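Fold and contact review
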Amino acid sequence: MKLRAQLARLWNTRNTTVSLLAMAAGLLTVTESVYWMTTSPWTWARGATFTIRLIAIAWFILDPGIGGIAVACAQVMDFLSPWSTPISMLFMGLLATGITGFLRRRVGAGVAFILVAGAAGNLVSRDTSFMNDGGIVSYAALVLAATVVGTATRTATWRHDQEKRNREIRRNTAITQQLHDYAMNDMNDVIMLLDEAISRHADIPERRALKRIRTGAVNALTQTRKAIVALEYVDAPEDAGAPTVRRQPGTSGRSALHQQVCALLDEQQDILQSLGFQGTVLLPNTLPPAGEDNTDLIVGLVRELLGNVAHHADPSQGYTLALCADVEALDVSLADTPVDPPSPGVSPTGLGSGLRRYAAAITARRGGMGGPCPTA
Amino acid sequence: MSESTTTPYSPVRVGVLDNDICALECIVALLARLNTPNRQIDAWASNNPAQAIQECRFGVRRTNVILVDMALNGLTGAQIAARLRRDVPDIGIIGMTAYQPELYREQLHAAGAQALLDKSTLRKTLPLALDAVSRGLAYPADGGFDSVVQSRMAASDETAKRQVVWLTVTERRVLSLSMSSMNTREIAQTLHVSADTVFSHRRNIKNKLHSNTWYDVMDLCRSMHIA
């Protein structure tokens, strides 16, 4: 029962392509072996050899990773026996080398060694053998070629699987980010709006319906959170260039925009400090790459804004600069207190010529530039 | 102090920072409902981090508590909280998120906040959190956050830990000259190097002190009384 269960497990977990190859080669070998058995005088030794060969082939079909060793041993047994080995068994040995090299590199190398050692034994133990006259060199070259093919196929398959996995990770990360940034916030907005409606309209008959809708929204929010957790990968993609939205790379991974902005901030804050300004700068851990033109525009805009602080702001009130970025847009905000407040009736958003120039460039890029943000 | 609802509270000025306009309006409406004679709340709101910090630092009226969303288009609520803890040491900070709060708890605690609320349950948790944080306490008491006083002390300890940093002789000279209000050109002339070299040294110093900008380095040195 235990053996049957193990055989069933091996059958269910087999690699189909590899098993089909092994079965095809095995069938050929068994057919040739049967032919030789029926056309040669019977001996117990031949019978045992045949049986061992059959078991090795069956094991190879079920578990090619380890069964390859059995095939190699059966081949060595044939090399060292006084009777001829079936030709198909030689090919079976090469196939076993390649397949075990594909499945398990070290086992493949071991199988290759066993076969070449067996061939050497055949050369030494027999006066006439196809290993003579350079045959062993040809056989060793074939074994080596089979090993290389198996290993190279393994490497290529592994790389392909890794790239596929990395693509899935990137896709899931993008989905997770969308769910996190939009779906979660939208569902939360629904819940808060319902809370507001339920609190404001305590006596309406629809209150019960609103509460049921709220319950549904809370359930949807909970399930979305679970979906995000299920989609998120812990391991980052293995190719260095893959974007990882959630990850925050160190200094070496910062974009040219980030580096230039940091360098500019150092210089400008130096100047502002000497003028008596105590400022706060908020930067994300990384700014996305923006292309050369956009980088120049953004760096120029930050320089202009900080220059305006020096010229027009009240040092005792300091300044705060914030750069916020997502994959679609970059937001640059500056808050300070003008030395000369604008006259009543005059819009405080009046832009100087410098900022007007930047406003035009930003508008051309489908962005916008505005004045003070309203507070409630 | 008893928790009696009839005890009159001093007016509490509460700021709200959230880049989601809908959530911002709902929270302001919620705060308006919580405004009672026993709990007077004066609320302001902004979707702009720069403006919110400026208001907390230099507003005409002092902000007692600020509610900060944890995701602000690339900036994190923890970054805002850390900056506020440095610039406005006595302010109470409450983080809020539409996502799972557990993911932000540790970094928000390290930033010096007093509470982290799930936006979907704000209706129930906000009044209690405001009552606690406006008095400088953490919410809930066993939630893993520090009080305002403890956060301030923790921030000072963190500054002290950064003292164990090895700077080269030249880096120390650059730092010392910067502290004496010399600008980059003047430092370059004094050290007989180019301005680019001075910037390079500054970059190294920033990395060693784990600071984002040179201003943070100067601020750190001032807090450590380095002349």
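All figures in this text were calculated on a predicted structure; none of them were measured in a lab.

**Regarding the overall build of chain B**
The number of helices and strands found in chain B is ten helices and seven strands. Evaluated residue by residue, chain B yields a buried proportion of 52% over its 227 residues. As displayed, chain B offers around 10,300 Å² of accessible surface, 54% of which is attributable to carbon and sulfur atoms.

**As for helix α9 (residues 256-274) of chain A**
The periodicity of an α-helix, 3.6 residues per turn, causes residues three or four positions apart to be oriented the same way. Residues and elements named next belong to chain A. Between its first and last C-alpha atoms α9 spans 27 Å; for 19 residues at 1.5 Å apiece the expected length is 27 Å, and the two agree. Three or more residues of α9 are buried, namely Leu 257, His 258, Val 261, Cys 262, Leu 264, Leu 265, Asp 266, Gln 268, Gln 269, Asp 270, Leu 272 and Gln 273. Among the residues trailing α9, Gly 276 stands out with phi positive, at a value near 100°.

**Quick word on the interface of chain A and chain B**
At the interface, 54 residues of chain A touch 55 residues of chain B. Across the interface of chain A and chain B, roughly 4,500 Å² is buried in total on both sides, 51% from carbon and sulfur atoms. Of all residues in chain A, Met192(A), Arg225(A) and Asp266(A) give up the largest surface area on contact with chain B, accounting jointly for 13% of the area buried on that side. Seen at the junction of chain A and chain B, the total is five salt bridges. One salt bridge in this structure joins Arg202(B) and Asp270(A), with 3.1 Å as the shortest N-O distance. Scanning the region where chain A abuts chain B turns up 23 residue pairs in polar contact (both at pLDDT 80 or more). For the side of chain A that touches chain B, the elements supplying multiple residues, two or more each, are α7 (135-200), α8 (207-231), α9, β1 (279-282), β2 (319-325) and β3 (330-336) of chain A. If one sorts the elements of the side of chain A that touches chain B by residue count, α7(A) sits on top with eleven residues. Broken down by class, the residue content of the side of chain A that touches chain B amounts to 23 nonpolar, 18 polar and 13 charged.

**Here's the deal with the environment of Leu130(B)**
All names here are of chain B. Looking at where Leu 130 falls in the secondary structure, it is placed in helix α5 (residues 122-133). Taking relative accessible area as the criterion, Leu 130 reaches 3% and is therefore assigned buried. Residues Leu 130 and Arg 39, 91 residues apart in the sequence, show an inter-C-alpha distance of 9.7 Å. For Leu 130, the residues in contact, after removing those within four places along its chain, are Val 14, Leu 31, Leu 34, Ile 41, Val 65 and Ile 94.

**Side note on the UniProt feature "transmembrane region" (unreviewed entry) in chain A**
Residues and elements named next belong to chain A. Summarizing the sequence annotation, UniProt attributes the feature "transmembrane region" (unreviewed entry) to residues 20-38, 50-77, 83-102, 107-124 and 136-157 in the numbering used throughout. Here residues 20-38 is 100% helix and 0% strand, with 27 Å between the C-alpha atoms at its ends. Structurally, residues 83-102 is divided into 80% helix and 0% strand, and its ends, taken at the C-alpha atoms, are 32 Å apart.

**A word on the sheet that holds strand β1 (residues 12-17) of chain B**
Residue and element names in this part refer to chain B. One open sheet holds the five strands; their spatial order is β2-β1-β3-β6-β7, and the pairing between them is parallel. Because the sheet does not close on itself, it has two edges, and the strands there are β2 (41-46) and β7 (115-118). Averaged over all pairs of adjacent strands, the angle between strand axes in this sheet comes to 20°, irrespective of strand direction. As defined by bridge partners, strand β3 (residues 65-69) adjoins strand β6 (residues 92-97) across five bridges and the pair is classed as parallel. Within β6, the residue paired with Leu 67 across the bridge is Ile 94. The strands touched by helix α3 (residues 77-87) within the sheet are β1, β3 and β6, with β3 carrying the most contacts at an inclination of about 155°.

**A look at the state of the cysteines**
Taken as a whole and judged by the stated rule, the model has zero disulfides over all chains. Unpaired in this structure, Cys22(B) has its nearest cysteine sulfur neighbour in Cys26(B), at a distance of 4.4 Å.

**A short note on unusual backbone geometry**
Of note, the bond from Tyr139(B) into Pro140(B) is cis; its omega dihedral lies within 30 degrees of zero at -15°. For Pro140(B), the position within the fold is in the loop between α5 and α6 (148-161).

Parameters at a glance
Residues numbered from 1 in each chain as written. Chains lettered and ligands numbered in written order. Predicted model: local features only at pLDDT ≥ 70, side-chain atom pairs only at ≥ 80, totals over all residues. Heavy atoms only, no water. Helix = DSSP H or I, 4+ residues; strand = E, 2+ residues; numbered from the N terminus. Buried < 20%, exposed > 50% of the residue type's maximum accessible area, 1.4 Å probe, protein only. Areas by Shrake-Rupley, 256 points an atom, 1.4 Å probe, with all protein chains shown as cover. Expected span 1.5 Å × (residues − 1). Contact = heavy atoms within 4.5 Å. Buried area = accessible area lost by both parts, 1.4 Å probe. Salt bridge = Lys/Arg side-chain N within 4 Å of Asp/Glu carboxyl O. Polar contact = N/O pair within 3.5 Å; in protein donor to acceptor, adjacent residues only side chain to side chain. Nonpolar A, V, L, I, M, F, W, Y, C, P; charged D, E, K, R; others polar. UniProt positions renumbered as here; feature names shortened; annotations may be inferred. Pairing = 2+ DSSP bridges. Axes fitted to C-alpha atoms, helices over the stretch in contact; angles between N-to-C directions. Disulfide = S-S within 2.5 Å.

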